[in-house]
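Structural features, examined
Chain by chain, the residues:
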Amino acid sequence: MTDATASPPHLLLGSCDYPEHVPRDRWARYAAQQRDAGLRFVRIAEFAWSRLEPSQGHYDWNWLDQAIEAYHAAGVKVVLCTLTATPPAWLIRAHPEILPYDEQGRVREFGSRRHYDFASPVYREHSRRVTLAMALRYGRHPAVVGWQTDNEFGCHATSRSYGGASAAAFPEWLRRRYSVVERLNDAWGNVFWSMEYASFDQIRPPMLTVTELNPSHVLDYARFCSSLIAEFQREQVEILREMSPGRFITHNFMIFESGFDHYEVAAGLDFASWDNYPLGMLEQFAPSGSGEDVKTHYARTGHPDLIAFNHDIYRSLAAGGEGLGREGRGTPPGMWVMEQQCGQVNWAPYNPLPEDGAVALWTAQAWAHGADVVSYFRWRAATMAQEVMHSGLLRHDETEDRGLAEVRALDQAQFPTGPVPARVALLHDYESLWLYDQQKHAASLSYWTQMVAYHGALRSLGVDVDIVHADADLSGYAVAVAPAVTLVSEIRAARWAQAVNGGVKLVCGPRTGFRMPGGQTWAEGQPGPLSGLLGVKLLQFDSLRPTLSQTVHGSSGDFEAHGWAESYRLEGAEARYTYGGGPLDGQVAVASQGHTTVIGAHSVGLIRAVLTEVLSGTGVPTTPLPEGVRLSRRAGRTLIQNWNAEPIQWQGRTLAPVSFEVMTHA
Ligand code: GAL
């Protein structure tokens, strides 16, 4: 750890700026205004390749030198980006083989961004070359404190290319993984529908098949493409480490991005950053079962739990997926919100203005969930091209927009950095995500909706949650919850058993342990190698269309399952809840054995009731909270948040609409 990678004493703020979009005479003024508004950092240059290298090998550094000097003079620290999110036209026309292919086999053209194939050898060469040039020029500049690699890997469905260089490299990757093609045929179950290959060279990316793709084929393509992104970034990181010592390296990950294994890609970074757009997020990822009422209620604030979910993933990401928040596990490396919405966005079907107070609330929440820096997107609204409908801290005419007033008013010192004391871990795994979503079996559910249901239930009880990799060290957690880890290997099962023997309580959701690492199901039934630990075998699984539901009865009352209901044969466990009516009548819906519990029905109420029962006696306090009221703890403080547009009476106090309070806790 170097100075630039250490956490500041309290939350700091910044913004994303684009000096190349405005006349030079603005630069010094903007930098001074930023500093005056309390912004200490600026992120720049992620889309500036065409201005920095107008033709191959002819660099124009002059303007960026001056822009960096302007920030430096104002005392604003610079986060520079590698340039690779936007290869310029001269490069693409000279090497059209850099362009990626979509799932329909069509070339994705020049004219927006992210138009490259991670596997392209010629692009890799240019990526290293231009990264080296940037690092040589600015790597030791006193104003430059860190780097962002590229911009939002995977944005606009770009984590996988379905032709060209990726398609050409896939067979070789498979050969390295399986050595002989018979092994691949076995792992993929290719005897089914006569899909067996006689050599690796016969294998193409999974696309354009007459009907459903083989999920094992999809799984390996996802793994392959993920490894390409990791390799692509690693090449840049190696150059930056050498040429820009003492600076941090991060990447700005995205909301609910599924296209690659974030643990693999984050592995070489100092910490993870992510881009938080609460209102766009609500339009695209409303929690399962929620309808227009939820979207309307939170239309101007975003949904607190969806945002918290992403914070809780990214907080743990750069430490190999281990939870960082537990006291005693060392200093957390911090997390940044690299782009924070501060007005309306432009990319959702509807783009409402945020409620008064929302920008401050988002900032406070980011701090409470582990952010050391929140950087607003963007300083001034764009007056050109694709994002003219998007807001900034300044309006198009350079007057201060509403968000900036909220930012100025924040007392940053009330947000000390330090650990998030989570004692509950939610287990997460991108391979399970890929498998689950390839064969959802119930259209209303997905890996994320199942994860969000469990996370939201915990958050509604006031519980702080670390989202960690499914193979993370769980020692020290009171409870580990695996909502949707459908891929469970023998090794993973053994790790969980060890954690349970060490005193961790384990709760599994439906479909846990359904699949083997290759993507097939366990021939001895589900949950495969977990059946001894959980004391059950899967009996039936039922996919519930929106007009069907399934009643569940048990110690905390009756609940309705939607979307999914699975039942178990007891092999050592005890029944806790059973189904009433329908084809599962009388069968077991929830079972417990020792420190383990398995929940087979998708019902938000049931999940909340069972988690409350499991948490009682663990020392983790639960506080059932009213709708839109949330508690989060960090560094000895508690943040109380009211996300409702109306005041709420709670525990003898009045919480003002869209507001927060920071309290010191024991
Ligand atoms: C992000 C992206 C930014 C900008 C922003 C608009 O996804 O990184 O460059 O496009 O969205 O909300």
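In this text the structure is predicted, and so the values were computed from the model without any measurement.

Take the packing of aromatic side chains next. One pass over the full model with this rule turns up 42 aromatic pairs. On the basis of an interplanar angle of 35° and a centroid distance of 6.2 Å, the ring pair of Phe253 and Phe260 is categorised as tilted. Pairing Phe415 with Phe660 gives two aromatic rings, centres 6.0 Å apart and planes at 45°, and the pair type is tilted. Note that Phe415 is positioned in the loop between α14 (402–409) and β10 (424–428) and Phe660 in strand β25 (residues 659–664), a separation of 245 residues in sequence. In this structure Phe415 comes out as buried when scored by relative accessible area, which is 0%. Put simply, the rings of Phe256, Tyr263, Phe309, Tyr430, Tyr436, Tyr447 and Trp448 pair up and form one aromatic cluster. The side chain of Arg511 reaches across the aromatic face of Tyr436, ending 4.0 Å from its centre.

Take the environment of Trp61 next. Mapped onto the elements, Trp61 comes out in the loop between α2 (49–52) and α3 (62–74). On the accessibility criterion, Trp61 (12% relative accessible area) is buried. Expressed as a C-alpha distance, the spacing of Trp61 and Arg51, which sit ten residues apart in the sequence, is 8.6 Å. When near neighbours in sequence (up to four residues on either side) are disregarded, Trp61 contacts Leu52, Ala133, Met134, Arg137 and Tyr138.

Attention now moves to the domain arrangement of the protein. Each assigned domain of the protein is listed here: domain 1 (12–159 + 247–414), domain 2 (424–615) and domain 3 (629–664). Centre-to-centre, using C-alpha coordinates, domain 2 lies 31 Å away from domain 3. The interface of domain 2 with domain 3 comprises five residues on the first partner and four residues on the second. Summed over both partners, the interface of domain 2 with domain 3 buries about 400 Å², with 28% contributed by carbon and sulfur atoms. Per-residue buried area on domain 2 facing domain 3 is highest for Arg459, Gly462 and Asp464; these three make up 87% of the total on that side. Taken together, the connections running from domain 2 to domain 3 amount to one salt bridge.

Here we come to the sheet that holds strand β9 (residues 371–377). Ordered by their spatial adjacency, nine strands build an open sheet running β5-β4-β3-β2-β1-β9-β8-β7-β6, and the pairing between neighbours is parallel. Two strands lie at the open edges of the sheet, namely β5 (248–250) and β6 (252–253), each paired on one side alone. Relative to strand β4 (residues 144–148), strand β3 (residues 77–81) is paired through four bridges, and the arrangement is parallel. In the sheet register, Leu80 faces β4, and the bridge partner there is Trp147. Here helix α13 (residues 358–368) sits on the sheet in contact with β1 (12–16), β8 (335–341) and β9, set at roughly 150° to β9.

With that settled, the discussion passes to the site of the ligand. Taken together, Phe47, Arg113, Asn151, Glu152, Asp275, Tyr277, Glu339, Trp347, Phe377, Glu387 and His390 form the complete shell of residues around the ligand. With respect to the ligand, the side chain of Glu152 contributes an N or O atom lying 2.4 Å from an oxygen atom. At 2.4 Å, a side-chain N or O of Glu387 approaches an oxygen atom of the ligand. Considered on its own, the ligand offers 310 Å² of accessible surface; in the complex 96% of this is hidden by protein.

A few words on the nonpolar core. Buried together is how nonpolar side chains tend to be arranged in soluble globular proteins. Formed by 170 residues in total, the largest nonpolar core has its most connected members in Leu64, Leu80, Phe253 and Tyr376. Setting aside residues no more than four positions away along its own chain, Tyr376 makes contact with Leu13, Gly14, Ser15, Cys16, Leu39, Gln340, Cys342, Val359, Thr363, Leu393, Val407 and Leu410. Tyr477, Leu506, Val588 and Val598 belong to the second largest nonpolar core, which has 29 residues in total.

Glancing now at unusual backbone geometry. For the bond from Phe377 to Arg378, the omega torsion is -5°, close enough to zero to count as cis. Tracing the chain through its elements places Arg378 in the loop between β9 and α14. Residues Gln526 and Pro527 are joined by a peptide bond in cis, for which omega reads 5°. By secondary structure assignment, the location of Pro527 is in the loop between β13 (505–508) and α18 (531–534). In the Ramachandran plot, Ala45 falls in the positive-phi region, its phi being about 80° despite a non-glycine side chain. Here Ala45 lies in the loop between β2 (39–44) and α2. In this structure, Arg114 is a non-glycine residue whose phi angle is positive, near 60°.

For any two helices packed against each other, the geometry is given by the interaxial angle and the distance between the axes. Relative orientation of the contacting elements helix α1 (residues 27–36) and α3 amounts to 35°, with a least axis distance of 8 Å. Judged by the twist between their axes, the crossing of α1 over α3 is right-handed. Residues Trp27, Ala28, Ala31, Ala32, Gln34 and Arg35 of α1 touch α3, and the partners they reach there are Trp63, Gln66, Ala67, Ala70, Tyr71 and Ala74. Here the contact of α1 with α3 is composed, by residue class, of nine nonpolar, two polar and one charged.

Below, the discussion takes up the environment of Phe153. Here Phe153 lies in the loop between β4 and α6 (164–178). Given the relative accessible area of 1%, Phe153 is considered buried. Here the alpha-carbon distance between Phe153 and Gly586, two residues 433 residues apart in the chain, equals 48 Å. Not counting chain neighbours up to four residues away, the residues in contact with Phe153 comprise Arg114, Tyr116, Phe118, Ile229, Phe232, Gln233, His251, Met254, Glu257, Phe260 and Val265.

A word on the pairing of strand β12 (residues 479–482). Burial along β12 is two-sided: Val479 and Val481 and Ala480 and Ala482, pointing in opposite directions, are all buried. Sheet topology places β10 next to β12; three bridges connect them, and they run parallel. Residue Val424 lies in a different strand from β12, and its bridge partner there is Val479. With four bridges joining them, β12 and β13 adopt parallel strand pairing. By the bridge assignment, Ala480 is partnered in β13 with Leu506. Each parallel crossover has a hand, and the one from β12 via helix α17 (residues 490–501) to β13 is right-handed.

Reading the values: the criteria
The numbering scheme is per chain: residues are counted from 1 as the chain's sequence reads. Totals for whole chains, interfaces and linings use every residue, but because this is a predicted model, local features are given only for residues with pLDDT of at least 70 and side-chain atom pairs only at 80 or more, for both listing and counting. Where side-chain values are given, they derive from all heavy atoms of the structure, hydrogens and water being excluded. Pairing of aromatic rings covers Phe, Tyr and Trp, the last counted by its six-membered ring, and requires centre-to-centre distances within 6.5 Å; plane angles under 30 degrees mean stacked, over 60 mean edge-to-face, and any other angle means tilted. Helix and strand assignments come from DSSP, with helices taken as H or I runs of at least 4 residues and strands as E runs of at least 2, each series counted from the N terminus. A simple rule labels every residue: compare its accessible area, found with a 1.4 Å probe on the protein chains alone, to the largest value its type can have, and call it buried under 20%, exposed over 50%, or partly exposed in between. For a lysine, the NZ atom is tested; for an arginine, the CZ atom; a charge sits over a ring if that atom is within 6 Å of the ring centre and within 35 degrees of the ring normal. The criterion used for residue contact is that any of the two residues' heavy atoms lie within 4.5 Å. Annotation comment: domain bounds sourced from an automatic or database domain assignment. What gets called buried area is simply the loss in accessible area from a 1.4 Å probe that two parts show on being joined, summed for both. Salt bridge, as used here: a side-chain nitrogen of Lys or Arg that lies within 4 Å of a carboxyl oxygen of Asp or Glu. Strand pairing is assigned whenever DSSP identifies at least 2 bridges connecting the two strands. Here, axes are lines fitted to C-alpha atoms. For helices the fit covers the stretch in contact, and angles between N-to-C directions go from 0 to 180 degrees. One heavy atom suffices: a residue is near a molecule or strand as soon as one of its heavy atoms comes within 4 Å of it. Between N or O atoms, a polar contact is any pair within 3.5 Å; within protein, one atom must be a potential hydrogen donor and the other a potential acceptor, and residues adjacent in sequence are included only when both atoms are from side chains. Where accessible areas are quoted, they stem from the Shrake-Rupley method and a 1.4 Å probe; at the residue level, only the protein chains shown are allowed to cover. Each nonpolar core is a collection of buried residues, namely Ala, Val, Leu, Ile, Met, Phe, Trp, Tyr and Cys, held together in the definition by side-chain atoms within 4.5 Å. In a left-handed crossing the near helix is turned counterclockwise from the far helix by less than a right angle, and in a right-handed crossing that turn is clockwise. Amino acids outside the nonpolar list (Ala, Val, Leu, Ile, Met, Phe, Trp, Tyr, Cys, Pro) and the charged list (Asp, Glu, Lys, Arg) are all regarded as polar, and Gly is one of them. By the criterion used throughout, a crossover qualifies as right-handed when its path from the first strand across the helix to the second strand runs clockwise, the strands pointing away from the viewer.

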